[in-house]
Amino acid sequence: MLLEVKNLSVSYFLEDKEIPALRDINFDVEKGEIISIIGESGSGKTTLAKSIIRQIKKPGKIISGKVLLEGNDLLAMDYSKFKRDILWKEISYVPQASQNSLNGVMRIIDHFYDTALSHNWKNKEEVNKKAKELLKMVALDEKVLKMYPHELSGGMKQRVLIALSLLLTPKIVIMDEPVSALDVVTQRRIIDLIVNINKELGTTILFITHDIALTKYLSTKTVVMYAGRVMEIGNTYEVIFKPYHPYTQALVNSIPSIHGEISVRSIKEGEIPLHGCPFYPRCPYTMEECKVKEPDFYHVDGREVRCFMYDKVRKSNG
Ligand SMILES: Nc1ncnc2c1ncn2[C@@H]1O[C@H](COP(=O)(O)OP(=O)(O)OP(=O)(O)O)[C@@H](O)[C@H]1O
Ligand SMILES: [Mg+2]
């Protein structure tokens, strides 16, 4: 297995309280696959991405768990070794709202030089050549290298960031809502680009999104998150067309007909109960047991689902 997240729990510690952002997350990623991580705002997707690349900063803290890359625990590794050997080289990250993450006073090529230099790659000519190749791959003219971020459109900036994430040919790229801020046409082009990268370079992609339609188009496997838990994992097509978890069912049914985007709604303060299944206050299948006990995973039909009522949900799909 390329990447295994095992029993990962992360909290944010505020003055008077602990916000449990991830609880006991488990999933695997196979080499070469595109896997979607889907869930509404506040479900912990970005926290998950940042945990994998060890960018959880105070007040956040990884409480327990492992992130195994080809069997080696990244969380247990000396941080300087992680930064030198893993970040960008094995796993890179395209951050959420990433268009703002380019440095406004640096030309695009300098972003490539900087990243290369931080990994001791000093030959500017070589970096330049690689940057041109990558821009070609993301369908940008090499002129862009001499430009500043403010001279580029949102879609162009996103392409630059994707190209940059590939500079050190990582095995895995984590993309955190890479198209959310873009118009529908640009979205589609970038999605096609991601498919192309996966096919041509064999790059494994963790695609974080709100959008069921994009999940369906892109990924072979889907992880559904709610309130810091994984609720359901399975083959994308099956998860979307035959959800076994009531939360997945709610997510899928909230697709409006034109764009396929779910209504983006944040989990409200105080909505997550202290005991039982975190979804029970919003769940149409709730029974007494759900209020006192959090279900463990059931492994059924090649699916993992965290719900006592999965059989009833399964049958309701017809
Ligand atoms: N720096 C922080 N300090 C305190 N709480 C945080 C911090 N970052 C995230 N959280 C909390 O952790 C939980 C998960 O947040 P996270 O940003 O991982 O969710 P998300 O699924 O990426 O949401 P979105 O779709 O809005 O990007 C939320 O309750 C959020 O309020
Ligand atoms: Mg996020």
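What you see is a predicted model, and the numbers here were worked out from it, not measured in a lab.

### What about the nonpolar core?
Judged by nonpolar contacts, the single largest core of 39 residues is most densely connected at Ile108, Phe112, Leu135, Ile162, Ile194 and Phe207. For this core, the elements supplying multiple residues, two or more each, are helix H3 (108-117), helix H4 (124-137), helix H5 (154-165), strand S7 (172-176), helix H6 (184-201), strand S8 (204-209) and helix H7 (212-218). For phenylalanine 112, the residues in contact, after removing those within four places along its chain, are Val127, Ala131, Leu134, Leu135, Leu145, Val160, Ala163, Leu164 and Leu167. Listed in part, the 35 residues of the second largest apolar core include Val10, Ile25, Leu48 and Ile86.

### Side note on the site of ligand 1
The full set close to ligand 1 counts 16 residues, and Ser41, Lys45, Thr46, Thr47 and Gln96 are the nearest of them. Contact distances for ligand 1 include 3.2 Å between an oxygen atom and a backbone N or O atom of serine 43. Here an oxygen atom of ligand 1 and a side-chain polar atom of lysine 45 are 2.8 Å apart. Here ligand 1, which alone exposes 630 Å², has 68% of that area covered by the protein. Taken together, the elements giving at least two residues each to the shell around ligand 1 come down to strand S2 (18-29) and helix H1 (45-52). For the shell around ligand 1, the element with the most residues is H1, which contributes three residues.

### Brief notes about the sheet that holds strand S4 (residues 60-69)
An order of S2-S1-S4-S5 is seen for the four strands of this open sheet, with the pairing classed as antiparallel. With partners counted over all chains shown, the strands left at the sheet margins are S2 and strand S5 (72-73), one partner each. Sheet analysis places strand S1 (residues 3-13) next to S4, joined by eight bridges and oriented antiparallel. When the sheet's bridge partners are listed, valine 5 is paired in S4 with valine 67.

### With respect to the side chain of arginine 303
Mapped onto the secondary structure, arginine 303 falls in strand S12 (residues 303-305). Contacts of arginine 303, omitting those with residues within four sequence positions, involve Glu232, Ile233, Gly234, Glu238, Val239, Lys242, Pro243, Tyr244 and Tyr298.

### Here's the deal with the coordination of the magnesium ion (ligand 2)
By definition of the ideal shapes, a tetrahedral metal site with four donors has angles of 109.5 degrees and an octahedral site with six donors has angles of 90 or 180 degrees. Donor atoms from the polypeptide that bind the magnesium ion (ligand 2) are Thr46 (OG1) and Gln96 (OE1), placed at 1.9 to 2.2 Å. Placement of threonine 46 in helix H1 and of glutamine 96 in the loop between strand S6 (91-94) and H3 is noted, with a sequence separation of 50 residues between them.

### What to know about the side chain of threonine 203
Looking at the element boundaries, threonine 203 is found in the loop between H6 and S8. The contact partners of threonine 203, leaving out residues within four places of it in the chain, are Leu166, Pro170, Lys171, Ile172, Val173, Ile197 and Asn198.

### Comments concerning the pattern of salt bridges
This model, assessed by the stated rule, comprises 17 salt bridges. A salt bridge links lysine 81 to aspartate 85; its shortest N-O distance comes to 3.2 Å. Taken together, the residues lysine 81 and aspartate 85, both in helix H2 (residues 79-86) and four residues apart, mark about one turn of the helix. The class for lysine 81 is partly exposed, based on a relative accessible area of 36%. Residue class for aspartate 85 comes out partly exposed when judged on its relative accessible area of 22%. Residues lysine 171 and glutamate 90 are paired through a salt bridge, measuring 2.6 Å at the closest nitrogen-oxygen approach. Note that lysine 171 is positioned in the loop between H5 and S7 and glutamate 90 in the loop between H2 and S6, a separation of 81 residues in sequence. When salt bridges that share partners are traced, they join Asp301, Asp311, Arg314 and Lys315 into one network.

### Some remarks on the UniProt feature "domain: ABC transporter" (unreviewed entry) in the protein chain
Per the UniProt record, the feature "domain: ABC transporter" (unreviewed entry) sits at residues 3-252. Its end C-alpha atoms 27 Å apart, residues 3-252 is made of 36% helix and 27% strand.

### Overview of the packing of H3 against H4
For the pair H3 and H4, the least separation of the axes is 10 Å and the interaxial angle reads 120 degrees. The angle between H3 and H4 places the two elements in the oblique class. Relative to H4, the crossing made by H3 is right-handed. Residue-level contacts link Ile109, Phe112, Tyr113 and Ala116 of H3 to Lys124, Val127, Asn128, Ala131, Leu134 and Leu135 of H4. Here the residues of the contact of H3 with H4 are counted per class, giving eight nonpolar, one polar and one charged.

Calculation notes
- Here the residue numbering is sequential within each chain, running from 1 through the sequence in written order.
- Each chain is given a letter, starting from A, and each ligand a number, starting from 1, according to the order in which they appear as written.
- Only residues with pLDDT of at least 70 are given local features in this predicted model, and only at 80 or more are side-chain atom pairs given and counted; all residues enter the totals for whole chains, interfaces and linings.
- With hydrogens and water excluded, all non-hydrogen atoms of the structure serve as input to the side-chain values.
- Note on terminology: a nonpolar core comprises buried Ala, Val, Leu, Ile, Met, Phe, Trp, Tyr and Cys residues joined through side-chain atoms within 4.5 Å.
- Residue burial is assigned from relative accessible area. The probe radius is 1.4 Å, only protein chains are included, and a residue is buried under 20% of its type maximum, exposed over 50%, and partly exposed in between.
- Each helix is a run of H or I in the DSSP string that is no shorter than four residues. Each strand is a run of E no shorter than two, and both are numbered from the N terminus.
- Contacts were defined at the residue level, with two residues in contact if any of their heavy atoms lie within 4.5 Å.
- Put simply, a residue is near a molecule or strand once any heavy atom of it comes within 4 Å of that molecule or strand.
- Polar contact is defined as a pair of N or O atoms within 3.5 Å, subject to the rule that within protein one atom must be able to donate a hydrogen and the other to accept it, and that residues adjacent in sequence are counted only when both atoms are side-chain atoms.
- The Shrake-Rupley method, run with a 1.4 Å probe, gives the accessible areas here. Residue values count only the displayed protein chains as cover.
- One requirement defines pairing of two strands: DSSP has to find at least two bridges between them.
- Each metal's donors comprise the N, O and S atoms found within 2.8 Å of it (within 3.2 Å for Na, K or Ca). Water is not part of the atom list, so some coordination spheres may appear incomplete.
- Any Lys or Arg side-chain nitrogen located within 4 Å of an Asp or Glu carboxyl oxygen qualifies as a salt bridge.
- UniProt positions are given in the numbering used here, feature names are shortened, and annotations may be inferred rather than shown by experiment.
- To define axes, lines are fitted to C-alpha atoms, for helices over the stretch in contact only, and angles between the resulting N-to-C directions are given on a 0 to 180 degree scale.
- Each angle receives one of four descriptions, namely roughly parallel if under 35 degrees, roughly antiparallel if over 145, roughly perpendicular if within 65 to 115, and oblique otherwise.
- Here a crossing is taken to be left-handed if its near helix is turned anticlockwise relative to the far helix by less than a right angle, and right-handed if that turn runs clockwise.
- Just so you know the grouping, Ala, Val, Leu, Ile, Met, Phe, Trp, Tyr, Cys and Pro go in nonpolar, Asp, Glu, Lys and Arg go in charged, and all remaining residues, Gly too, go in polar.

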